[in-house]
Amino acid sequence: AKFAPDVNSEILYVEDPIYYKFKHNEKSYKGDALVIEGFNLNLAADENDVDVRIGTEKCNVTSLTATQMLCIPPQVAPPPVHASHPEVVIYVGKNLKFEIGLLRYDLGSPFTIPPEVIGGIGAAAALTLFIAIAFMIIYKHKSSQAEREYKRIQIQMDTLENNVRSECKQAFAELQTDMTDLTMDLEVSGIPLLDHRTFVMKVFFPGVGDHPLFLDPRIHGVNKPKTELDNAMIQFEGLLNNKWFLLAFIETMEKQKSFTIRDRVNFASLLTIILMTKMEYCTDILRSLLLKLVEKSLTSKHPQLMLRRTESIVEKMLTNWLALCLYDYMKDYAGSSLFVLFKAIKFQIEKGPVDSCSHDARYSLSEDRLLRE
């Protein structure tokens, strides 16, 4: 008041700060901020009033609270003043000095890895190396085994190829056909062409030599007085010339449970013989029957089986119709060529061994009938 009468203020006295010493007078520093604990640290001071010395260098104060102070020490341990490690000394203002202990730097290498991690990495590397070596050994063994197997198969294939080549050469030599022998054989035997009647009977009734049709005296030109049966048959023939009657008649016969497959075949052949002089009418009837058969097959479980087996009247009639239509072409054009082909194949087959019981042949064209050694 004597020197500044106009200033209205007061001075507040506080206790000095207390900085706790390090435990055992030493602390390990591992690279983090240095934490120094105490009491009443910021009552009359802030960061700018506190100067922290570590050895001969300064520790930058970053935070100051009532109980803690944080500073950043130098990254490299500074030289100590008197002790074995840098001393930590705190100056507050110009009069307060606190020696709190020694700071031991334990930074080591910036990328120091714990021994446990190094051991784990080493063990994993050793295990990986062991597995890789084992895999390489197994792979080498498998490769060698596969290579040996490949060479063995290659040798077998070469041997098989040589055997096939030798057999082909032998077979080719054995199958050298002397066309002169075949031509002379054809000149002696000739080409057997059947007359129309014989051709029809063999196709329509295969394996039947004494069919009742041959036994009818009227076929051989023998006159016989007409009977009531003859008149009935003439009337029946007239009914057969009626398309709708004939279709209904065939459908009725097909529905008979006692009508076997053999009966259907014979019925179709007899009906074709009756209609063979009226091919246009026969073709019309056959077309109508085929349309019905196609419609029926479409509703069945296996439509692809249609016409594969001759189990119905229309299928046998189709076979007979084709035979009748092809007779002239076979007789005048294709028959002789097919017979020559047949004789040539037969000639070749008989040049090798043929089983007299099973008729399997060495030079058979069918694998099922191939004579195996």
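Look up a bit, the structure's there.
Since the structure is predicted, the reported quantities are computational estimates derived from the model, not experimental observations.

Draft legend 1. Structural context of the sheet that holds strand β4 (residues 50-54). A sheet is described by the order of its strands in space; here eight strands give the open sequence β1-β3-β6-β5-β4-β7-β8-β2, paired in mixed fashion. Because the sheet does not close on itself, it has two edges, and the strands there are β1 (18-19) and β2 (26-29). In this structure, β2 lies alongside strand β8 (residues 96-105), joined through four bridges in parallel fashion. Across the sheet, residue Lys27 finds its bridge partner in β8, namely Leu103.

Draft legend 2. Local environment of the nonpolar core. If you look at the biggest cluster of nonpolar residues, it comprises 21 residues, and the most contacted ones within it are Tyr19, Ile36, Val52, Met69, Val88, Ile90 and Ile100. Mapped by element, the contributors of at least two residues to this core are β3 (34-39), β4, β5 (57-64), β6 (68-72), β7 (87-92) and β8. In terms of residue count, β8 provides more of this core than any other element does, four residues in total. When residues no more than four places from it in sequence are discounted, the contact partners of Tyr19 are Ile36, Glu37, Gly38, Leu41, Val50, Leu64, Met69, Ile90, Val92, Phe98 and Ile100. Ile250, Phe267, Leu271 and Leu318 belong to the second-largest nonpolar core, a separate cluster that totals 19 residues.

Draft legend 3. The state of the cysteines, seen in detail. Counted under the stated rule, the structure contains one disulfide. Note on cysteine connectivity: Cys59 is disulfide-linked to Cys71, with sulfurs 2.1 Å apart. With the S-S dihedral at roughly 95°, the linkage between Cys59 and Cys71 falls on the right-handed side. In this pair, Cys59 sits in strand β5 while Cys71 sits in strand β6, placing the two residues twelve residues apart along the sequence. Among the residues examined, Cys71 registers a relative accessible area of 0% and is labelled buried.

Draft legend 4. Layout of helix α6 (residues 243-255). Taking 1.5 Å per residue, 13 residues should reach 18 Å; α6 reaches 19 Å between its end C-alpha atoms and fits that length. Among all positions in α6, only Leu246, Leu247 and Ile250 are buried. One face of α6 carries all of its buried residues, which in axial projection span an arc of 100°. For α6, exposure combined with an orientation more than 90 degrees from the buried face picks out Trp244 and Lys255. Where the residues of α6 are buried, they touch α5 (228-240), α7 (261-275), α8 (279-298) and α9 (313-349). Put simply, Asn242 is the residue that caps the front of α6, since its side-chain oxygen is 3.1 Å from the backbone nitrogen of Trp244.

Draft legend 5. How the structure looks around helix α3 (residues 196-204). Those residues of α3 that fall on the buried side of the exposure criterion are Val200, Met201 and Phe204. Take α3 and look down its axis: the buried residues cluster within an arc of 95°, on one side only.

Reading the values: the criteria
Residues numbered from 1 in each chain as written. Predicted model: local features only at pLDDT ≥ 70, side-chain atom pairs only at ≥ 80, totals over all residues. Heavy atoms only, no water. Pairing = 2+ DSSP bridges. Helix = DSSP H or I, 4+ residues; strand = E, 2+ residues; numbered from the N terminus. Core = buried A, V, L, I, M, F, W, Y, C linked by side-chain atoms within 4.5 Å. Buried < 20%, exposed > 50% of the residue type's maximum accessible area, 1.4 Å probe, protein only. Contact = heavy atoms within 4.5 Å. Disulfide = S-S within 2.5 Å. Expected span 1.5 Å × (residues − 1). Arc of directions from axis to C-beta. Polar contact = N/O pair within 3.5 Å; in protein donor to acceptor, adjacent residues only side chain to side chain.

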